[in-house]
Amino acid sequence: MKTLANAIQKGGQGKTFATCHLAFDGAARGLRVVVIDLDSQGNASYTLEPYDSGLNASQLFSDDENLVSSIFDGRDNSGISLIRKDFALANIEKMNGDVAAAALRMHISNLRKYFDICLIDTPPSISNLMASALFASDYVMSPVEAETYSIQGMQAMVAVIQNIRLRGNPNLKFIGMLPNRVNYRDERQLQNLAGMRAAFQDLVMPFDCRQRGSFAEAQGDQKPVWQIKKTAARVAAKEVRVMTQYVFEKMEIV
Ligand SMILES: Nc1ncnc2c1ncn2[C@@H]1O[C@H](COP(=O)(O)OP(=O)(O)OP(=O)(O)O)[C@@H](O)[C@H]1O
Ligand SMILES: [Mg+2]
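Residues numbered from 1 in each chain as written. Chains lettered and ligands numbered in written order. Predicted model: local features only at pLDDT ≥ 70, side-chain atom pairs only at ≥ 80, totals over all residues. Heavy atoms only, no water.

## Looking at the overall build of the chain
The secondary structure content of the chain amounts to 9 helices and 7 strands. Its C-alpha atoms give the chain a radius of gyration of 17 Å, within 12% of the compact-globule value 18 Å for 254 residues. Each principal axis of the C-alpha atoms in the chain carries an extent, and together these give about 55 × 40 × 30 Å. In the chain, which comprises 254 residues, the share counted as buried stands at 54%. By sequence separation, contacts in the chain at least 24 residues apart represent 80% of the contacts at least 6 residues apart. For the chain, the accessible surface area stands at approximately 11000 Å², while carbon and sulfur atoms represent 48% of it. A distance of 5 Å separates the average location of the 28 positive side-chain charges in the chain from that of its 27 negative side-chain charges. (Helix = DSSP H or I, 4+ residues; strand = E, 2+ residues; numbered from the N terminus. Rg over C-alpha atoms; globule rule 2.2 N^0.38 Å. Buried < 20%, exposed > 50% of the residue type's maximum accessible area, 1.4 Å probe, protein only. Contact = heavy atoms within 4.5 Å. Areas by Shrake-Rupley, 256 points an atom, 1.4 Å probe, with all protein chains shown as cover. Lys, Arg positive; Asp, Glu negative; His and termini not counted. Charge placed at Lys NZ, Arg CZ, Asp CG, Glu CD.)

Written out as structure tokens, the structure reads:
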């Protein structure tokens, strides 16, 4: 099993959008996908609600070594399994950071027996939850808008990733920044995007996802954009599949 976190400590960049579409596409490819929603906003838990496993995300911070097997043993784990957000996630911020990270890492290690990919959606803040996700992941990616505050957020995120590598997860690989919600009619955004590519070079994915209503519609309708029956959605589907293909190749699972 390979584990990928979608993380950037700035809100509204597309972490949940990317997480959900990677989950839908992974399942369509026949992979067994587990999604952990560590964001108390619960947006991924809403979009992926039909795939609820019955396990709450806060339980992944307990020291119960039999937790994962008690849920997934003897089950058909094909398709998507959601480990949903719950209100007790708020308590994780009161835990010792190292204890929280070790617990999540143990439970994710136990998930290896049942799944091919683990996707973690994280909250938009540097927190125990985000740090634990990064300590437990093999890969991280960061969706980012072509806006000044977002690019500043990305600079901070690169430092966070470096810090996580130094503090205990030296093999954490950064798949890159996904320029998202790009408005091609806005010259300023295009300039920001060009500036981002010049500054971060190959840390930026070599494509982008544009601002498209179909993406937001798909998340609200609890389905992938390729299931939306509109002409505009077809273009959006092609675009998002460039992203999923790229990420799965980087993760060496396709
Ligand atoms: N490429 C896009 N085009 C249009 N809308 C988008 C696109 N990507 C995301 N959105 C919409 O923008 C909003 C923010 O996206 P999303 O929830 O994925 O971001 P996030 O980084 O997870 O936010 P948060 O930090 O609050 O969890 C959502 O309403 C989503 O549907
Ligand atoms: Mg989100």
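Read on for the rest.
## Focus on the side chain of S81
Tracing the backbone shows S81 in strand β4 (residues 80-84). Not counting residues up to four positions away in its chain, the partners in contact with S81 are V33, V34, V35, Y51, S53, F72 and F115.

## Overview of the packing of aromatic side chains
All chains considered together, the criterion is met by 5 aromatic pairs. For the pair F207 and Y246, a centre-to-centre distance of 5.1 Å together with 80° between the ring planes defines the contact as edge-to-face. Taken together, the residues F207 in the loop between α7 (187-200) and α8 (213-220) and Y246 in helix α9 (residues 231-250) connect sequence positions 39 residues apart. One aromatic cluster is present, formed by F72, Y114 and F115 through successive ring pairs. Here the basic side chain of R210 rests over the ring of Y184, its NZ or CZ set 3.7 Å away from the ring centre. Stacked on the ring of W226, the Lys or Arg R241 has its end atom at 4.2 Å from the ring centre. (Phe/Tyr/Trp six-rings, centres within 6.5 Å; stacked < 30°, edge-to-face > 60°. Lys NZ or Arg CZ within 6 Å of the ring centre and 35° of its normal.)

## Examining the site of ligand 1
Residues in contact with ligand 1 amount to 18 residues; listed here are only the nearest, K15, T16, F17, R212 and Q219. Taking Q13, its main chain carries an N or O atom lying 3.0 Å from an oxygen atom of ligand 1. In the model, a nitrogen atom of ligand 1 is placed 2.9 Å from a nitrogen or oxygen of the R210 main chain. Burial of ligand 1 by the protein amounts to 85% of the accessible area it has alone, namely 630 Å². Elements that contribute at least two residues to the shell around ligand 1 include exactly α1 (15-28) and α8. Considered class by class, the residues forming the shell around ligand 1 number 4 nonpolar, 9 polar and 5 charged. (Near = heavy atom within 4 Å. Polar contact = N/O pair within 3.5 Å; in protein donor to acceptor, adjacent residues only side chain to side chain. Nonpolar A, V, L, I, M, F, W, Y, C, P; charged D, E, K, R; others polar.)

## Concerning the sheet that holds strand β3 (residues 52-56)
Within the open sheet, the 7 strands sit side by side as β3-β4-β2-β5-β1-β6-β7. Their pairing is parallel. Both edges of this open sheet fall to β3 and β7 (173-179), since each of them pairs with a single strand only. Here the average twist between neighbouring strands, direction ignored, is 20°. Sheet topology note: the strand β2 (residues 33-37)/strand β5 (residues 117-121) ladder contains 5 bridges and is parallel. Counterpart to V33 in the pairing with β5 is I117. In the packing of α1 onto the sheet, contacts are made with β1 (2-6), β2, β4, β5 and β6 (139-144), and the angle to β5 comes to roughly 160°. (Pairing = 2+ DSSP bridges. Axes fitted to C-alpha atoms, helices over the stretch in contact; angles between N-to-C directions.)

## Some thoughts on the side chain of N180
When you line up the elements, N180 lands in the loop between β7 and α7. Using a relative accessible area of 3% as the deciding quantity, one classes N180 as buried. Leave out the neighbours within four places in its chain, and N180 touches Q13, G14, F17, V144, E145, A146 and C209.

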